[in-house]
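Next come the chains, spelled out residue by residue.
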Amino acid sequence: MGSSPVKGSLKQESIETKQPKAPTYTAVEVSASGQLRLVQRRVAEPGPGQVRIRVEACGICHTDAHTVNGTYPGLTLPRVPGHEVIGRIDALGPGQSRWKIGQRVGVGLIAGEDGVCEPCRRGDTVNCQNPVVAGVTVDGGYAEIMIAEARGIASIPDELSSAEAAPLLCAGVTTYNALRNAGLHGGDLVAVQGIGGLGHLGVQFARQMGFRTVAIGRGPDKEKLAKDLGAHLYIDAAVEDAAAVLQRMGGARAILATGTSGEVMGRLVPGLAARGKLIVVGAPGDAIQLTATPLIFGGRSVYGSLTGTPIESEDTLAFSVLENIRPMIETAPLDQAADAYARMMQGKARFRMVLITKNGAMQSG
């Protein structure tokens with residue numbers, strides 16, 4: 001999928017030569033289902049409760065497909081995708097005092113909440129019924145400029161580059177929160193199914209949290225990577241029954257399911273210890289098929305875990321700095337967003353694609 005030529009305000013500027021040139025920025029927008037194009041947009045001022053961010057890096061996530069393909073409920077086009085956004089504040093909306101010009105911040109998937117729905121009133125803002133969703137309900141980070149809700153941004157530690165920090169705002173906080181909120185204890189047997197964009201971070205977090213970490217993948221070529229990431233044991237599910245291996249080890253207290261096959265996830269439930277949990281963070285296209293027996297006998301459970309709040313993103317970043325956890329990334333310039341997105345969707349990226357804008361290139365240079 002190639003990028004089409006820049007369109008829009010550049011042509012208008014050449015006609016209206018007597019008018020002062022309005023500042024513009026480059027963005028990549030979904031103009032129609034499946035179509036990413038490079039455009040110029042006029043720079044806007046942030047409103048009350050907002051900040052304007054000069055984007056340095058933005059990760060590409062599989063969830064972006066719902067925007068690119070136009071399948072997210074209520075989505076209106078054109079829309080700029082991207083919810084793993086790192087940049088520096090260059091303008092503050094009225095009444096903003098907590099954040100400072102030049103401060104490096106990030107925006108994740110849930111970029112604001114309504115504050116009045118029942119989940120919000122109970123403090124569960126991640127499950128807001130009317131959330132601000134970066135790249136879906138508002139324009140995201142495949143751009144040089146982004147307007148963000150101040151309540152939805154996180155501070156970025158100096159120890160992380162913008163490219164490194166970007167995936168931690170989605171894949172990072174998702175796996176980190178899933179593990180730390182699962183009621184586990186140091187030394188517990190924890191398995192991570194899938195060694196991809198989510199799983200390669202899940203293995204690192206599990207090991208550094210003090211769990212006996214098992215990585216489950218397919219093929220012998222993944223074993224060295226799994227061990228390098230911190231796994232104590234690798235199970236090749238192509239030749240072994242992963243659930244049976246886990247049961248021989250005493251059963252897993254938790255299995256973090258990050259893969260793309262619901263059928264495979266369902267087959268792992270018998271590998272759980274009594275009261276064990278299958279935590280689903282990957283979003284397979286097929287159904288997760290379960291039988292009742294291992295759920296009833298042993299009190300096992302299956303549940304999902306979504307991303308996190310801005311402060312939880314900051315927790316993730318701080319823990320990553322403390323334990324030297326980093327995503328494995330490939331970078332591409334913003335004008336190659338369509339090709340980078342296609343590489344991610346085809347499963348060729350190892351393991352996260354990150355777009356770098358000219359702002360990010362200047363910072364790294």
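Structure: above.
First, a word on scope: everything that follows refers to the structure included in this document. Predicted model, so just to flag it, every value in this text is computed and none were measured. (Residues numbered from 1 in each chain as written. Predicted model: local features only at pLDDT ≥ 70, side-chain atom pairs only at ≥ 80, totals over all residues. Heavy atoms only, no water.)

1. Quick notes on the pattern of salt bridges
Enumeration over the complete set of coordinates arrives at 18 salt bridges. A salt bridge links Glu-29 to Arg-37, with the nearest nitrogen and oxygen atoms 2.7 Å apart. In this structure Arg-37 comes out as partly exposed when scored by relative accessible area, which is 25%. Note that Glu-84 is salt-bridged to Arg-352, the shortest N-O span being 2.4 Å. Of this pair, Glu-84 sits in the loop between helix H2 (65-68) and strand E5 (85-92) while Arg-352 sits in strand E16 (residues 352-356), and the two are 268 residues apart along the sequence. The two residues Glu-84 and Arg-352 agree in class, both being buried. (Salt bridge = Lys/Arg side-chain N within 4 Å of Asp/Glu carboxyl O. Buried < 20%, exposed > 50% of the residue type's maximum accessible area, 1.4 Å probe, protein only. Helix = DSSP H or I, 4+ residues; strand = E, 2+ residues; numbered from the N terminus.)

2. Remarks on helix H11 (residues 337-345)
Of all the residues in H11, the buried ones are Ala-337, Ala-338, Ala-340, Tyr-341, Ala-342 and Met-344. On its buried face, H11 is in contact with strand E2 (24-32), strand E3 (35-42), strand E4 (50-60), H2, strand E15 (329-333) and E16. Within two residues after H11, Gly-347 carries a phi angle of roughly 75°, on the positive side. (Contact = heavy atoms within 4.5 Å.)

3. Some details on the sheet that holds strand E9 (residues 189-193)
Read from one edge of the open sheet, six strands run E11-E10-E9-E12-E13-E14, paired in parallel fashion. Each edge of the sheet is formed by a strand with only one pairing partner; in this case those strands are strand E11 (233-236) and strand E14 (301-304). Taken over all neighbouring pairs, the strand axes of this sheet differ in orientation by 20° on average, direction set aside. Here four bridges tie strand E13 (residues 272-280) to E14, and the two strands are oriented parallel to one another. Note that in E14 the partner of Ile-279 across the bridge is Tyr-303. (Pairing = 2+ DSSP bridges. Axes fitted to C-alpha atoms, helices over the stretch in contact; angles between N-to-C directions.)

4. What about helix H10 (residues 310-322)?
Under the 1.5 Å per step criterion, the end-to-end length of H10 is 18 Å for 13 residues, consistent within 8% with the ideal 18 Å. By the burial criterion, the buried members of H10 are Pro-310, Ser-313, Thr-316, Leu-317, Phe-319 and Ser-320. Considering only its buried residues, H10 is in contact with strand E8 (153-155), helix H4 (162-180) and helix H5 (199-208). Note on H10: the residue one or two positions beyond its end, Asn-324, has a positive phi of about 55°. (Expected span 1.5 Å × (residues − 1).)

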